[in-house]
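# Summary of structural features
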Amino acid sequence: PGYYKYKTEISSLKPEQQSEECPICFTPINLAPGEHVPHTDENNGSDHQTPLVENKLKHCYSTPCGHNFHKFCLLKWYEKKPDCPSCRKALPYME
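From a predicted model like this one, the values you see are computed outputs, not experimental measurements.

## Details of the sheet that holds strand S2 (residues 7–9)
Strands belonging to one sheet form pairs held by backbone hydrogen bonds; the direction of such a pair is parallel or antiparallel. Spatial ordering of the open sheet is given by S2-S5-S6, a layout of three strands whose pairing is antiparallel. Among the strands making up the open sheet, the edge pair consists of S2 and strand S6 (68–69). As paired strands, strand S5 (residues 59–62) and S6 are joined by two bridges and run antiparallel to one another. Looking at S6, one finds that Ser62 is bridged to Asn68.

The following block contains the structure:
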């Protein structure tokens, strides 16, 4: 495969894609990986994670096959296996 520019502005994604989860770390694509705080729902007592909204990201990495990831997550994955973590298509070299 040739070279591909993966860096994408999150604001250029469709609105529903801007808060989708990174398929590698399961953190919303517009937040840095792991940037959640534990929260207990007072209505039913269940524990869940609440995102830290003040740490929004401006860029993500988008693959030619249309999947979006955090830069760090995709780079770590790519080091081990240069294919898309979502659909397993071969990925071009990163610029």
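Moving on, there is more to tell.
## Observations concerning the confidence of the model for the protein chain
Across the protein chain, the average pLDDT comes to 83, with 76% of residues at 70 or higher. At the low end of the mean pLDDT range in the protein chain sits strand S3 (residues 36–40), at 51; at the high end sits S6, at 96.

## Remarks on the packing of aromatic side chains
Considering all chains together, one arrives at three aromatic pairs under this definition. Both rings, one in Tyr3 and one in Tyr93, keep their centres 5.6 Å apart while their planes meet at 45°; by these two values the pair is tilted. Note that Tyr3 is positioned in strand S1 (residues 3–4) and Tyr93 in strand S7 (residues 93–94), a separation of 90 residues in sequence. Aromatic side chains Tyr6 and Tyr61 sit 6.2 Å apart centroid to centroid with 20° between the ring planes, which places their arrangement in the stacked category. Remark: Tyr61 occurs in strand S5 and Tyr6 occurs in the loop between S1 and S2; sequence separation between them is 55 residues. On the basis of relative accessible area, Tyr61 is assigned to the buried category, the value being 13%.

The rules behind these values
- Residues numbered from 1 in each chain as written.
- Predicted model: local features only at pLDDT ≥ 70, side-chain atom pairs only at ≥ 80, totals over all residues.
- Heavy atoms only, no water.
- Pairing = 2+ DSSP bridges.
- Helix = DSSP H or I, 4+ residues; strand = E, 2+ residues; numbered from the N terminus.
- pLDDT = per-residue confidence, 0-100.
- Phe/Tyr/Trp six-rings, centres within 6.5 Å; stacked < 30°, edge-to-face > 60°.
- Buried < 20%, exposed > 50% of the residue type's maximum accessible area, 1.4 Å probe, protein only.

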